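Close look at the chain arrangement
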Amino acid sequence: YVTLTSLRDIQVLITGFSRFPGLYTLSGNTNILNALNVSGGISEEGSFRIIDIKRNGKIIESIDLYESIIFGNIDFKESLRSGDSIYIHPAQKLIRSGNGFKNKGVFELKDNESYEDFLRFNGGLNRKVSSNTVSINSITDGIYKNEIIDIEELKNIKPKNNDSIYAVEQSYGKIKISGEVLNPGTYEISSN
């Protein structure tokens, strides 16, 4: 019988776009999420999509944190060992998801990803949207451009860094119906 009474601490170097890069002493069973948390997380300019774990100067695993943060997959192939380094790449394309989407915020797309990936990350249009049209705001060569398109046309458009997309949400109100009616009560109605 073998009983493990304690774990040896490990030292891991966290570099790149970390809030506080440096050498950290961590518990022997630490995973990459713990290590990133100890270092203060990823800086505003850092990528949540491309984080490399290096061992002996070679990349042994590249982590996409969207798999964990958005989809809940935390199955990391490699455990951290003493002497490993974690490199956080700079963010690639940042696209803002505004009104009309289930998840509002800024989402990062890799260079080879499309607006279909963007819709997968933000959950698509919410139930308050009255039509399938979206508005894309972009700046190209210093010129601001606003384009209104059908959401299906997004697959034909290449996302650019700092694009912003939103849809018009229909406003709802409440009305109370009482008196001699079949179903009195409070009802939600649209702005139309």
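Our structure is the block above this text.
These lines cover the structure that appears in this document, whether it is placed above or below.

What counts, and where the lines are drawn
- Residues numbered from 1 in each chain as written.
- Predicted model: local features only at pLDDT ≥ 70, side-chain atom pairs only at ≥ 80, totals over all residues.
- Heavy atoms only, no water.
- Helix = DSSP H or I, 4+ residues; strand = E, 2+ residues; numbered from the N terminus.
- Buried < 20%, exposed > 50% of the residue type's maximum accessible area, 1.4 Å probe, protein only.
- Contact = heavy atoms within 4.5 Å.
- Lys, Arg positive; Asp, Glu negative; His and termini not counted.
- Charge placed at Lys NZ, Arg CZ, Asp CG, Glu CD.
- Salt bridge = Lys/Arg side-chain N within 4 Å of Asp/Glu carboxyl O.
- Pairing = 2+ DSSP bridges.
- Axes fitted to C-alpha atoms, helices over the stretch in contact; angles between N-to-C directions.
- Polar contact = N/O pair within 3.5 Å; in protein donor to acceptor, adjacent residues only side chain to side chain.

Helices and strands together make up the secondary structure of the chain, namely three helices and 12 strands. In terms of its C-alpha atoms, the chain occupies a principal-axis envelope of roughly 80 × 50 × 25 Å. Expressed as a percentage of its 192 residues, the buried residues of the chain come to 36%. Within the chain, contacts between residues separated by at least 24 positions form 50% of all contacts whose residues are at least 6 apart in sequence. In the chain, the 22 positive side-chain charges and the 24 negative ones have mean positions that sit 3 Å from each other.

Moving on: the pattern of salt bridges. Within the structure shown, the criterion is met by seven salt bridges. Through salt bridges with shared partners, a single ionic network connects Arg49, Asp64, Lys110 and Glu113.

What follows covers unusual backbone geometry. For Asn56, which is not glycine, the phi torsion reads 55° and is therefore positive. Along the chain, Asn56 falls in the loop between strand S3 (46-55) and strand S4 (58-63). On the basis of relative accessible area, Asn56 is assigned to the exposed category, the value being 74%. Phi is positive for Asp141, which is not a glycine, with a value near 50°. Within the fold, Asp141 resides in the loop between strand S8 (133-140) and strand S9 (143-150).

Let's shift gears to the sheet that holds S8. The strand order S7-S6-S10-S8-S9 describes an open sheet built from five strands, whose pairing is mixed. The strands lining the two open edges of the sheet, one partner per strand, are strand S7 (105-109) and S9. Neighbour-to-neighbour, the strand axes of this sheet turn through a mean angle of 25°, independent of strand direction. Strands strand S6 (93-97), S7, S8 and strand S10 (164-166) of the sheet are contacted by helix H3 (residues 115-122), whose axis makes an angle of about 135° with S7.

Here we come to the environment of Val38. As for its placement among the helices and strands, Val38 is situated in helix H1 (residues 32-38). As for Val38 and Tyr24, which are separated by 14 residues in sequence, their C-alpha atoms are 8.1 Å apart. If near-sequence neighbours (up to four positions away) are discounted, Val38 is found in contact with Tyr24 and Leu26.

Here H3 lies mainly inside the structure; six of its eight residues are buried. Looking at the buried residues of H3, the elements they touch are S3, helix H2 (66-69), S6, S7, S8 and S10. The backbone nitrogen of Glu116 has a side-chain oxygen 3.2 Å away, supplied by the residue at the start of H3, namely Ser114. Within two residues after H3, Gly123 carries a phi angle of roughly 85°, on the positive side.

As far as function goes, none of this settles anything; it's purely spatial.
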